[in-house]
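Report on the structure
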Amino acid sequence: MKIGVFDSGIGGLTVVKSLLHHQLFEEIIYFGDTARVPYGSKDKNTIIRYAIEAVEFFKNFELDMIVVACNTVSAYALSEMRESATCPVIGVVDAGVLATANALKDKKSNILIIGTKATIASNAYEEGLKKLQFQNLQSTPTPLFVPLVEEEIFDGDILTSTLHHYFKNKKTPDALILGCTHFPLLSKTLQNYFGEKTLLIHSGDAIVEFLEKEFYFSKKYRDPKLKFFASENPDALRKIAQKWLYA
Ligand code: DGL
């Protein structure tokens, strides 16, 4: 099993970390569009165009599947990617919706979705959750978390003010959907902020659950091969991968 993992930049490494941990693939080809990140502030047509270019790039490898780690791309470009791909393409939004629904028994549960401006504007998570009868949904874009994570600011005053800025008027949710690749790196801080009762939904773990439940993945590969590609400065991506994946 050989897959491509696509993200707008480095954030998708949080998804790779979950895939590696669960040993679902023999080989993972990661492509981060580091030259054109962020996608979260771009419009739909641009996101779709970039996503189709990523599919073209992946045609250089004989892949069994493409996992779209980027929430923004998953929210806007999945059907277009599927049209041009020659293998299945799965995204983190569908996986996150299913993981949330599997974890919450009560349809009245209060769910808070956070993500980039584009992801939140797409309403993709809300639409998916509403189809499964969840109605008590709040969402808010939290784009400042992205540069904070890239600066490796995982706690401290700046983050505390940012949390207050975004969440001061929000009810404590039963579940918080981390609708952006970078946010799992803030899990500890977000859990402390909302308290232990709030369930955090992580895209990487959601994709693993999705593959196991929907695609019946069960075989384990002990020593998966990893290859990293980036549209700009692949060495910087490889260095960050070393740090984030094996820390
Ligand atoms: N990877 C993006 C996402 O998950 C975050 C970074 C960006 O804006 O490109 O939505």
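Look up a bit, the structure's there.
Residues numbered from 1 in each chain as written. Predicted model: local features only at pLDDT ≥ 70, side-chain atom pairs only at ≥ 80, totals over all residues. Heavy atoms only, no water.

**Examining the sheet that holds strand β7 (residues 175-179)**
The cut-off we apply is this: Strands are labelled as partners when DSSP assigns at least two bridges between them. Secondary structure elements follow DSSP: runs of H or I no shorter than four residues count as helices, runs of E no shorter than two count as strands, and numbering proceeds from the N terminus. Every axis in this analysis is a line fitted to C-alpha atoms, fitted for helices over the stretch in contact. Angles between the N-to-C directions lie between 0 and 180 degrees. Pairs of residues are marked as contacts when any of their non-hydrogen atoms sit within 4.5 Å.
On the basis of which strands lie adjacent, the open sheet formed by four strands has the order β6-β5-β7-β8 and parallel pairing. Strands at the two margins of the open sheet, each flanked by one partner only, are β6 (137-141) and β8 (199-202). Strand-to-strand, the axes of this sheet are offset by a mean angle of 20°, without reference to chain direction. In this structure, β7 lies alongside β8, joined through four bridges in parallel fashion. Across the sheet, Leu176 pairs through a bridge with Leu200, a residue of β8. On the sheet, helix α5 (residues 92-103) packs against β5 (111-115), β7 and β8 and is oriented at approximately 150° with respect to β8.

**With respect to helix α1 (residues 13-22)**
To keep things clear, this is the line we draw: Categorising residues by exposure relies on relative accessible area from a 1.4 Å probe, with only protein chains included: less than 20% of the type maximum marks a residue as buried, more than 50% marks it as exposed, and the intermediate range marks it as partly exposed.
α1 sits mainly inside the fold: seven of its 10 residues count as buried. Looking only at α1, the buried set comprises Leu13, Thr14, Val15, Val16, Ser18, Leu19 and Leu20. Just downstream of α1, Gln23 is the residue with a positive phi angle, here 50°.

**Describing the packing of aromatic side chains**
For clarity, the threshold we go by: Aromatic contacts are taken between Phe, Tyr and Trp rings whose centres are within 6.5 Å, Trp giving its six-membered ring; a plane angle under 30 degrees counts as stacked, one over 60 as edge-to-face, and the others as tilted. We call a charge positioned above a ring when the Lys NZ or Arg CZ atom is no farther than 6 Å from the ring centre and deviates by at most 35 degrees from the ring normal.
A full pass over the atoms with the stated rule returns 20 aromatic pairs. Measuring from ring centre to ring centre gives 6.4 Å for Phe215 and Phe217, while their planes differ by 85°; the resulting arrangement is edge-to-face. Three or more aromatic residues link up through ring pairs in this structure, and these residues are Phe6, Phe31, Tyr39, Tyr50, Phe57, Phe58, Phe61 and Phe229. The positively charged end of Arg36 is found above the aromatic ring belonging to Tyr50, 3.6 Å away from the centroid.

**Let's talk about the nonpolar core**
Here is the rule we go by: Among the buried residues, those of types Ala, Val, Leu, Ile, Met, Phe, Trp, Tyr and Cys that are joined through side-chain atoms within 4.5 Å form a nonpolar core.
Counting residues in hydrophobic clusters, the biggest one holds 89 residues, and the most contacted among them are Phe6, Leu19, Val73, Met81, Phe145 and Leu190. Among residues more than four places away in sequence, those in contact with Leu190 are Ile114, Phe145, Leu163, Phe167, Leu176, Leu178 and Phe183.

**A few points about the site of the ligand**
Formally: For each residue, the test is whether any non-hydrogen atom lies within 4 Å of the molecule or strand; if one does, the residue is near. In short, Shrake-Rupley with a 1.4 Å probe defines the accessible areas, and a residue's cover is counted only from the protein chains shown.
Residues in close proximity to the ligand total 13 residues, the closest being Asp7, Ser8, Tyr39, Gly40 and Thr72. Contact with the protein chains hides 99% of the accessible area of the ligand, taken as 300 Å² for the molecule alone.

**Describing the layout of surface pockets**
Note the following rule: A pocket, in this scheme, is an open set of points on a 1 Å grid over the protein atoms alone with protein on both sides within 12 Å along at least 5 of 7 lines, while a cavity is a set where a 1.4 Å probe fits but cannot get out; residues line either one if an atom lies within 4 Å of a point. Grid points are joined across faces, edges and corners, and a volume is the space filled by probe spheres set on the points. Put simply, Ala, Val, Leu, Ile, Met, Phe, Trp, Tyr, Cys and Pro go in the nonpolar bin, Asp, Glu, Lys and Arg in the charged bin, and everything else, Gly too, in the polar bin.
Quantified by volume, the largest pocket comes out at close to 320 Å³. Forming the boundary of the largest pocket are 14 residues, of which Val93, Asp94, Ala124, Gly128 and Lys131 lie nearest the centre. At the level of secondary structure, the elements contributing two or more residues to the lining of the largest pocket comprise α3 (71-76), α4 (78-84), α5 and α7 (124-131). Its residues placed into classes, the lining of the largest pocket shows seven nonpolar, three polar and four charged.

**Overview of empty space enclosed by the protein**
Evaluation of the coordinates by the stated rule reveals one cavity of 30 Å³ or more. Approximately 40 Å³ is the volume attributed to the largest cavity. Considering the residues around the largest cavity, the lining is formed by Ala95, Leu98, Ala99, Asn102, Ala206, Glu209, Phe210, Lys213 and Glu214. Of all the secondary structure elements, the ones that give two or more residues to the lining of the largest cavity are α5 and α11 (203-214). For the lining of the largest cavity, the element with the highest residue contribution is α11, accounting for five residues.

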